Amino acid sequence: MWKYNDQDQINDYLLSLKLLNCNKKKYIKTLYSISNNIEKNYKKYKIKKKSGKMRTIYEPNEILKHIQKNILENVLSERYISNYAIAYRKGYSLRDNVMPHVGQDIVLKLDVENFFDSIDFIDVYNSCFPIYLYPKSVGQLLTYLCCYDEHLPQGAPTSACISNIYMREFDEHIGKWCSLNNINYTRYSDDMTFSGNFDVSEVIKKVMNDLKCLGLKLNKNKIHVVRSSSQQTVTGVVVNEKAQVSKQYRKEIRQEIYYIQKFGLESHMKHEKISLSKEVYIRKLMGKILFVLQINENDKEFVDYKSFIKEFI
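Every value quoted in this text rests on a predicted model; they were computed, and no experiment measured them.

## Notes on the packing of aromatic side chains
So, step 1. Under the criterion given, the structure shown has 13 aromatic pairs.
So, step 2. Relative to F116, the ring of F115 has its centre 5.2 Å away and its plane inclined at 65°; by these criteria the two rings are edge-to-face. As far as the burial class goes, F115 and F116 line up, both buried.
So, step 3. By the ring-pair criterion, three or more aromatic residues cluster together here, those being Y13, F129 and Y134.
So, step 4. It is R89 that lies over the ring of Y92; its NZ or CZ is 4.2 Å from the centre.

What follows is the structure, given as structure tokens:
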């Protein structure tokens, strides 16, 4: 249908997406200028992963971040995402990823290797901005605005949603296959969890083959099979009998709160040689508390800790 539209009509359609708040001429010029120099609009930095390896984060500048947030809200928000995909979704929480796996004989945890880096420009274009939905030039422009060096950048506001859209058919196919075999399945970003009583090698083979069709690989160094006789965790939450953050994690928070209450925030940080600023340390501690409350929002002890830490914010 788009082949009969002239450039002015295509520009009017682009304007209707409301990616920027400015006049038409500046709107069009700014979008194409940024898309043609996309790498210059990002700041790259590395953070250490739990494994000790480094993860590259791509942080867009303010104007690109504003555009990406509008793409997320005005273009991508209505797209269907599989119910098996839990991360980065309104109305879903970590608890939704955990509960299907409580009290199961086997928990199998798998990981997609180089998840965001492996979703390339063509993948983003075909899954999110295809020609049957957008004029070709608009679809390509939107794809450029959401990619960095021909791949999906971890750190852009649009990347998480795009990854879920790209994985939709995989999630639906794997989810239905699991359902037929009485296996529970959820995916939280690049972490896939399977639980029940099943042939582990059969599931791994199935996942590897389906990922291969998407141009993705299973991280063979992150295959974890945990039976009910051992502590089973899913995205950091113990699931053997009920969903609960580990005793050790809760104990460490409890100790931090105790020392802050007894000695004061500054003395505690000095004694523990915490090099973070007070603001950053408090935010991190609040994040730990909120993690516990995601799983059990009525945990009075941690509700009280939340109220206590709020005084420092």
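Additional details are given in the paragraphs that follow.
## Observations concerning the pairing of strand β3 (residues 106-111)
So, step 1. Among the six residues that make up β3, five are buried, leaving the element largely enclosed by the rest of the structure.
So, step 2. Sheet analysis places β3 next to strand β5 (residues 191-196), joined by six bridges and oriented antiparallel. By the bridge assignment, D111 is partnered in β5 with D191.

## Let's talk about the sheet that holds strand β6 (residues 224-227)
So, step 1. Read across the sheet, four strands follow the order β4-β5-β3-β6 without closing on themselves; strand pairing throughout is antiparallel. In this open sheet, the two edge strands, each paired with only one partner strand, are β4 (183-188) and β6. Strand-to-strand twist in this sheet, taken as the mean axis angle between neighbours without regard to direction, amounts to 15°.
So, step 2. Contacts between helix α8 (residues 168-180) and the sheet are confined to β4 and β5, with β4 contributing the most and set at about 160° to the helix.

## Some details on helix α13 (residues 300-310)
So, step 1. Among the residues of α13, F302, Y305, F308 and I309 are the ones counted as buried. Down the axis of α13, the smallest arc covering the buried residues is 110°, so these residues share one side. Across α13 from its buried face, at more than 90 degrees, point the exposed residues K300 and K310.

## Side note on the state of the cysteines
The bond known as a disulfide is covalent and runs between the sulfur atoms of two cysteines.
So, step 1. Taken as a whole and judged by the stated rule, the model has zero disulfides.
So, step 2. The cysteine C22 is free of any disulfide, with C146 supplying the nearest cysteine sulfur at 18 Å.
So, step 3. With a relative accessible area of 28%, C22 lands in the partly exposed category.
So, step 4. Note on C146: relative accessible area 0%, which makes it buried.

Here is what the cut-offs are and how they apply
Residues numbered from 1 in each chain as written. Predicted model: local features only at pLDDT ≥ 70, side-chain atom pairs only at ≥ 80, totals over all residues. Heavy atoms only, no water. Phe/Tyr/Trp six-rings, centres within 6.5 Å; stacked < 30°, edge-to-face > 60°. Buried < 20%, exposed > 50% of the residue type's maximum accessible area, 1.4 Å probe, protein only. Lys NZ or Arg CZ within 6 Å of the ring centre and 35° of its normal. Helix = DSSP H or I, 4+ residues; strand = E, 2+ residues; numbered from the N terminus. Pairing = 2+ DSSP bridges. Axes fitted to C-alpha atoms, helices over the stretch in contact; angles between N-to-C directions. Contact = heavy atoms within 4.5 Å. Arc of directions from axis to C-beta. Disulfide = S-S within 2.5 Å.

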